Each structure stands twice: as C-alpha cells, then as structure tokens.
Amino acid sequence: MKVNNAELIISAVGPEQYPEAGLPEIAFAGRSNVGKSSFINTIIERKNLAYTSQQPGKTRTLNFFAINDVCHFVDIPGYGYAKVSKKERAAWGRMIEEYLQTRSQLKGVVLLIDVRHEPSEQDLMMYDWLKYYEIPVILVLTKMDKVRKTKRHAHIKQVLNAIDPEPEDGHVPFSAETGEGKDEAWRAIRELGRF
Ligand code: GTP
Ligand code: MG
C-alpha cells in the first residue's frame, strides 16, 4: 500500500487517551528490541516515525499512528526487557492488556518474533494469550537478513513449531534491512483490517 500520510496521533497510557475515531486498528507486539518500530517504519516507508533504538525498551507508551486516514497502527512497548523495575513492568502489562482486551477497533495483532532464536516463554505466552481473547494474529518472522540462505527454512520451521499457530494465522518472513516481506505483510494486514 502506498502511504501518503502517516502521523503520530497520540502516545497514550490509558483508554481516556485512545483516539475516538472508529478506524480499524492493527497493533504490533513482541519482545523488546525485536524490531516492532522498525517494521512499522519499513512498511510505511518512513525513516524514523516510530522511534527505533539499539537500546531495548525504547517504546514505552501505546503510540497510535494514523495511516492514510484509513487505519491506525498501534506500536506497543515490548516485553521481556529486564532493566525496568518490577513496578514499571507491571504497569506496562496492565496498560497493554487493557488495550488488547477492551479496544473494539482492534482487528488484529502483528506478533513479531526474531527468526534467529527459539521463541521465548513470553513469546509463547503472548501468542496463547491473544488466542485466548480470540484476537487474530499475523506472525512476522523478522531479522531474516541475519540468517544464512541455507538456514532460512530451518529457522522459520523452528519458530512455527514452537508457536504452533492456528491455520488462519498467517506468517510472513521479513527484514527491515532488505525490505523482504513488505508487500506480503501489507496484504496480510489489509486483509485483517479489511481496508
Ligand atoms: P522496543 O521499542 O524496545 O520494544 O523495540 P522494538 O521492537 O521497537 O525494536 P526496534 O525497531 O527499535 O529495533 C531494535 C534494533 O533492531 C534496532 O537496532 C534495529 O535497527 C534492529 N532491527 C530491527 N529490525 C531489523 C531487521 O529486520 N534486520 C536487522 N538486521 N536489524 C533490525
Ligand atoms: Mg519500539
């Protein structure tokens, strides 16, 4: 999809700040530093609209972006970042759960997994939790540029075997570095959001 207009509408910490527009929403979840913000920037072709960083824990609020005024993308803070206090982590957990459980505009979640590694306990929990709440999921297997060509298949399989996604949940091999998977990701997202 050609994105002519993408802007950050609000960085929210609670429902009273969620935008009121009824546009379909797609949220982006995954371990801290997995590449959620990079994914958003790549597919909308903006360098750093969603702030990225080599330091995990960069995204700390629910960042709502309006895309072409047809949908919202919601960049959510990553999980599994050790260097925050227990209290802060619990507050993030509540903020994210509240959004995912209550937001009627939410059409689905793009769950990003680093294709190089076996999915973590938290990745598995996140997927199962989304399924428990019957939220459609697209698995994006990211950082594909970091695995050798001959190992691609094995890495993809390792992730899919661990997550064991339901048949209706698609998966897309992706790289923010090379742009691999960009069109396929768009197709899957538009299908999910019906826009
Ligand atoms: P938090 O906001 O902390 O949850 O992180 P995030 O998931 O938004 O990650 P972010 O997009 O900030 O990326 C983290 C780091 O991974 C950055 O240094 C990115 O440049 C790098 N990165 C993201 N995607 C890719 C990719 O596909 N390939 C490679 N090689 N590096 C990537
Ligand atoms: Mg981020």
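- Looking at an unreviewed UniProt entry, one finds the chain named Probable GTP-binding protein EngB and attributed to Natribacillus halophilus.
- Here the chain is described in UniProt, under the heading Cofactor (unreviewed entry), as follows: "Mg(2+)".
- What UniProt records for the chain under Sequence similarities (unreviewed entry) is the sentence "Belongs to the TRAFAC class TrmE-Era-EngA-EngB-Septin-like GTPase superfamily. EngB GTPase family."

### Observations concerning the sheet that holds strand β5 (residues 106-114)
Then, number 1: Sheet architecture is open: seven strands sit in the order β1-β3-β4-β2-β5-β6-β7, paired in mixed fashion. Since the sheet does not close on itself, it has two edges, and those belong to β1 (6-12) and β7 (171-173), each with one partner. Direction aside, neighbouring strands of the sheet carry axes that sit 25° apart on average.
Then, number 2: Where β1 lies against strand β3 (residues 62-67), six bridges are found, and the strand directions are antiparallel. The partner of Ala12 across the bridge, within β3, is Leu62.

### Observations concerning the site of ligand 1
Then, number 1: The immediate surroundings of ligand 1 are formed by 24 residues, with Gly35, Ser38, Thr52, Thr59 and Gly78 found nearest.
Then, number 2: Of all the elements, helix α1 (residues 36-44) adds the most residues to the shell around ligand 1, at three residues.
Then, number 3: Here the shell around ligand 1 is built from residues that sort into four nonpolar, 14 polar and six charged.

### Some remarks on the nonpolar core
Then, number 1: Counting residues in each nonpolar core, the largest one holds 43 residues, and the members touching the most others are Phe28, Val110, Leu111, Ile138, Val140 and Leu141.
Then, number 2: The biggest single contributor to this core is β5, with six residues.
Then, number 3: Ignoring sequence-local partners within four residues, the contact set of Val140 consists of Phe39, Val110, Leu112, Val172, Phe174 and Ala185.

### Quick word on the UniProt feature "domain: EngB-type G" (unreviewed entry) in the chain
Then, number 1: Sites flagged by UniProt as "domain: EngB-type G" (unreviewed entry) map to residues 22-195.
Then, number 2: The span residues 22-195 is 36% helix and 20% strand, and its two end C-alpha atoms sit 13 Å from each other.

### A look at the pairing of strand β6 (residues 137-142)
Where a strand is regular, its side chains alternate between the two sheet faces.
Then, number 1: In terms of burial, β6 is largely enclosed, as six of its six residues are buried.
Then, number 2: Here β6 shows a buried face lined by Val137, Leu139 and Leu141 and a second buried face lined by Ile138, Val140 and Thr142.
Then, number 3: Sheet topology places β5 next to β6; six bridges connect them, and they run parallel. Bridge pairing in β6 links Val110 to Ile138.
Then, number 4: In this view, the connection linking β5 to its parallel neighbour β6 by way of helix α3 (residues 121-132) has right-handed handedness.
Then, number 5: Taken together, the three bridges between β6 and β7 define a ladder with parallel strand orientation. For Leu141, the partnering residue across the bridge sits in β7 and is Pro173.
Then, number 6: Regarding the hand of the β-α-β motif, the stretch spanning β6, helix α4 (residues 152-163) and β7 is right-handed.

### Things to note about the pairing of β5
Then, number 1: The buried count for β5 comes to nine of nine residues, which makes it a mostly enclosed element.
Then, number 2: Taken together, the six bridges between strand β2 (residues 25-30) and β5 define a ladder with parallel strand orientation. Looking across to β5, one finds that Ala29 is bridged to Leu111.

What counts, and at which threshold
Residues numbered from 1 in each chain as written. Chains lettered and ligands numbered in written order. Predicted model: local features only at pLDDT ≥ 70, side-chain atom pairs only at ≥ 80, totals over all residues. UniProt positions renumbered as here; feature names shortened; annotations may be inferred. Pairing = 2+ DSSP bridges. Helix = DSSP H or I, 4+ residues; strand = E, 2+ residues; numbered from the N terminus. Axes fitted to C-alpha atoms, helices over the stretch in contact; angles between N-to-C directions. Near = placed C-beta within 6 Å. Nonpolar A, V, L, I, M, F, W, Y, C, P; charged D, E, K, R; others polar. Core = buried A, V, L, I, M, F, W, Y, C linked by C-beta atoms within 7 Å. Buried ≥ 20, exposed ≤ 12 C-beta atoms within 10 Å, placed from the backbone. Contact = placed C-beta atoms within 7 Å. Right-handed = clockwise from strand over helix to strand, strands pointing away.

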